[in-house]
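Observations on the model geometry
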Amino acid sequence: MPWFAADFVKLNFETLCGIMKYLELDESHGLRRLSLQNCAVTGELATGLFCRIGAGRDMHLFLNGNPLEAGSTDWIDLIHAGEAPTKLHLDMIQFQHESTFNNILTALTHNKTIKLLSMVGTSPPSRVTSKTSDLLSNFFRTNKAMQFLDLSGYSGKLEDSHLGWGLSNALSGLKENTSLRQLRIRNHDMGSAEDLTELHQILIANKGLAMFDIQNNNLDHRQFRELVQALGHNYQLISFPISQADLEYAVSKERRLFASLQGKSLTKTPDKLSKSAESRLGGVLSRLHADWESELEKVKSILRRNRNNPANHALGLDSEYFEAWDDQDLPAWIWPPSKPHQNDTKRRASESSMISVEDFSSSLLASIPYLSHRDSYPSHHTYVIEEET
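From a predicted model like this one, the values you see are computed outputs, not experimental measurements. (Residues numbered from 1 in each chain as written. Predicted model: local features only at pLDDT ≥ 70, side-chain atom pairs only at ≥ 80, totals over all residues. Heavy atoms only, no water.)

Some remarks on the overall build of the protein chain
Under the convention used in this document: To qualify as a helix, a DSSP run of H or I must reach at least 4 residues; to qualify as a strand, a run of E must reach at least 2; elements of each kind are numbered from the N terminus. For every residue, the accessible area (1.4 Å probe, protein chains only) is compared with the maximum for its type, and the residue is labelled buried under 20%, exposed over 50%, or partly exposed between those bounds. In what follows, a contact means two residues having at least one pair of non-hydrogen atoms within 4.5 Å. Only the protein chains shown count as covering a residue, and every accessible area follows the Shrake-Rupley method with a 1.4 Å probe.
Within the protein chain, the secondary structure is distributed over 13 helices and ten strands. Looking at the protein chain as a whole, 52% of its 389 residues are labelled buried. Put simply, 82% of the contacts in the protein chain that link residues at least 6 apart link residues at least 24 apart. Summed over its atoms, the accessible surface of the protein chain is roughly 18,200 Å², and 50% of this surface lies on carbon and sulfur atoms.

Listed below in structure tokens is the structure:
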């Protein structure tokens, strides 16, 4: 499976034109990954790429970290019209206008070619408005092509990457969605919404999701307990990962609540609790740990029940979708017979047959002027095509 990468290199206009020329060649039809992350690709250049990739080409296109709002945003119109690859990565895009983000949601709502979409850390410039929340809900409700969706916030950023309460409200659109199979929405501080009724109703009503990941959303132990109760009514989820960080947050929040009731503060310069208060806090946290472990066992039991149901075994997904799913506890039966287990499939570049620039066909070399000057750049800035076996 050949792929092409030029990550973390600022590409000039000639180079991008060369890449676009290559995409017009017949020999590019076997290209499965085109990675142009943090390469200063503007919206105008992205439009050119989408035009040449065309509708429904079976490939991953990585445009993470690029100023796609600069210049033209016609590439959004192309997504709306279906002129997009089957797998698109738009992580960490810094939008300056909410209207642009809303236009993307509208385009995705009508798109019928993208099956895998990642928009980790990509969000409006400020907290989500009711309009954006409604558009997101309509996207969940209307899109019938998407199978894998990652709308996680980026944990290294604060409020600017969180959809927060807007995401919680928008989840109502998933109630009747049966096409989306994998949904990841980490790091959105959903616990701050307090009322997680919509999330509970999705767990109960949605009949399409097979894998759902809401880790690192700042849920306290009471919210976690209510979540598990709703999960008990779900009979098709086979993956619902819970991280140690979820427990750590619940413990931290309980510490802060206890200290506030004692008239103390647990900030950077925490007030010291009395020995009696420390003892009581220890008891509170001990019970919290015990309750959390009890609920965690319930989650495992629910997933075991669902995984043992043969009706849940026909997932209809390629193995690469499972490889992109971060859950070490996935059952072995999800992997196609011809595909080894997840841990055996994630080959690093050193294990793949490498084709350096000297091995490129003359047509590709001629179409990308940047390649002809490879020796003047550090090795980690070198274009390579790898063949995965």
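Here we look at the nonpolar core
Keep this limit in mind: Remark: nonpolar core denotes a set of buried residues (Ala, Val, Leu, Ile, Met, Phe, Trp, Tyr, Cys) joined through side-chain atoms within 4.5 Å.
Core analysis: the largest hydrophobic core is formed by 80 residues, its most contacted members being Leu-36, Leu-49, Trp-75, Phe-140, Phe-212 and Phe-240. For Phe-212, the contacting residues outside a window of four places in its chain are Leu-183, Ile-185, Leu-199, Leu-203, Leu-237, Ser-239, Phe-240, Pro-241 and Trp-325. Residues Phe-148, Ile-238, Tyr-321 and Leu-330 belong to the second largest nonpolar core, which totals 13 residues.

Considerations on helix H4 (residues 98-110)
One turn of the α-helix equals 3.6 residues, which is why residues spaced by three or four share an orientation. Threshold: Any helix carries an expected span of 1.5 Å times its number of residues minus one.
Counted at 1.5 Å a residue, the expected span for H4 with its 13 residues is 18 Å, and the 19 Å between its end C-alpha atoms agrees. Along H4, the positions that sit buried rather than exposed are Thr-100, Phe-101, Asn-102, Ile-104, Leu-105, Ala-107, Leu-108 and Thr-109. On the buried face of H4, the contacting elements are helix H3 (74-80), strand E5 (116-118) and helix H5 (130-142).

Considerations on the confidence of the model for the protein chain
For clarity, the threshold we go by: Per-residue confidence from the prediction method is given by pLDDT, with values spanning 0 to 100.
When pLDDT is averaged along the protein chain, the result is 83; 80% of the residues meet or exceed 70. Here residues 342-365 is modelled with pLDDT under 50, and outside its nearest four sequence neighbours on either side it reaches 47 contacts, counting other chains as well. Counted against residues more than four places away or in other chains, residues 367-389, with its pLDDT under 50, gives 64 contacts.

Overview of the packing of helix H7 (residues 197-205) against helix H8 (residues 221-231)
Counted only if it meets this: What counts as an axis is a line fitted to C-alpha atoms, over the stretch in contact for a helix, and the angles between N-to-C directions run from 0 to 180 degrees. Comment on the angle field: the value is read as roughly parallel under 35 degrees, roughly antiparallel over 145, roughly perpendicular from 65 to 115, and oblique elsewhere. By definition, turning the near helix anticlockwise from the far helix through less than a right angle yields a left-handed crossing, and turning it clockwise yields a right-handed one. Ten residues, namely Ala, Val, Leu, Ile, Met, Phe, Trp, Tyr, Cys and Pro, are considered nonpolar, four, namely Asp, Glu, Lys and Arg, are considered charged, and the remaining ones, Gly among them, are considered polar.
Viewed as axis vectors pointing N to C, H7 and H8 meet at an angle of 25°, and their least axial separation amounts to 8 Å. Taken together, H7 and H8 sit at an angle that is classed as roughly parallel. Considering the relative orientation of H7 and H8, their crossing is right-handed. Contacts between H7 and H8 involve Leu-199, His-200, Leu-203 and Ile-204 from the first element and Glu-226, Leu-227, Ala-230 and Leu-231 from the second. Of the residues contributing to the contact of H7 with H8, the split by class is six nonpolar, one polar and one charged.

Here's the deal with the side chain of Asp-189
Going by this rule: Within this scheme the basic residues Lys and Arg register as positive and the acidic residues Asp and Glu register as negative, but His and the chain ends are omitted. Between Lys or Arg on one side and Asp or Glu on the other, a salt bridge is scored when a side-chain nitrogen of the former is within 4 Å of a carboxyl oxygen of the latter.
Within the fold, Asp-189 resides in the loop between strand E7 (182-184) and H7. Despite its burial, Asp-189 pairs with no opposite charge, the nearest such side chain being Arg-127 at 4.5 Å.

Side note on the pattern of salt bridges
Applying the stated criterion to the full structure yields 13 salt bridges. Measuring nitrogen to oxygen at the nearest pair gives 3.7 Å for the salt bridge that ties Arg-184 to Asp-213. One end of the pair, Arg-184, is in strand E7; the other, Asp-213, is in strand E8 (residues 211-213), and 29 residues separate them in sequence.

Digging into the environment of Met-211
One can find Met-211 in strand E8. Between the C-alpha atoms of Met-211 and Phe-322, which are 111 residues apart in sequence, the distance is 9.7 Å.

Concerning the packing of aromatic side chains
Rules: The pairing test for Phe, Tyr and Trp rings, Trp by its six-membered ring, is centres within 6.5 Å, and the orientation test on the planes gives stacked under 30 degrees, edge-to-face over 60, and tilted for anything in between. By the criterion adopted, a ring carries a charge over it if an Arg CZ or a Lys NZ lies within 6 Å of its centre and within 35 degrees of its normal.
Scanning the entire structure with this criterion turns up eight aromatic pairs. Taken together, the ring pairs connect Phe-148, Tyr-321 and Trp-325 into an aromatic cluster. A cation over a ring is seen here: Arg-184 above Trp-325, with NZ or CZ 4.7 Å from the ring centre.

As for H7
Condition: Summarising the geometry, the arc corresponds to the directions from the helix axis toward the C-beta atoms.
Listing the buried residues of H7 in full gives Leu-199, His-200, Ile-202 and Leu-203. An end-on view of H7 places all buried positions within 160° of arc, on one side of the element.

What to know about the packing of H4 against H5
Axis separation between H4 and H5 bottoms out at 8 Å; the angle between their running directions is 15°. With respect to each other, H4 and H5 are oriented roughly parallel. The handedness of the crossing between H4 and H5 is left-handed. Each of Glu-98, Phe-101, Asn-102, Leu-105, Thr-106, Leu-108 and Thr-109 in H4 lies in contact with H5, whose residues at this interface are Lys-131, Thr-132, Leu-135, Leu-136, Asn-138, Phe-139 and Thr-142.

So, unusual backbone geometry
Both trends apply: most residues other than glycine have a negative phi, and most peptide bonds are in trans. Even without being glycine, Asn-38 reaches a positive phi, approximately 55°. In this fold, Asn-38 is placed in the loop between strand E2 (33-35) and helix H2 (43-53). At Asn-187, a residue that is not glycine, the phi angle is positive and equals roughly 55°. Residue placement: Asn-187 occurs in the loop between E7 and H7.

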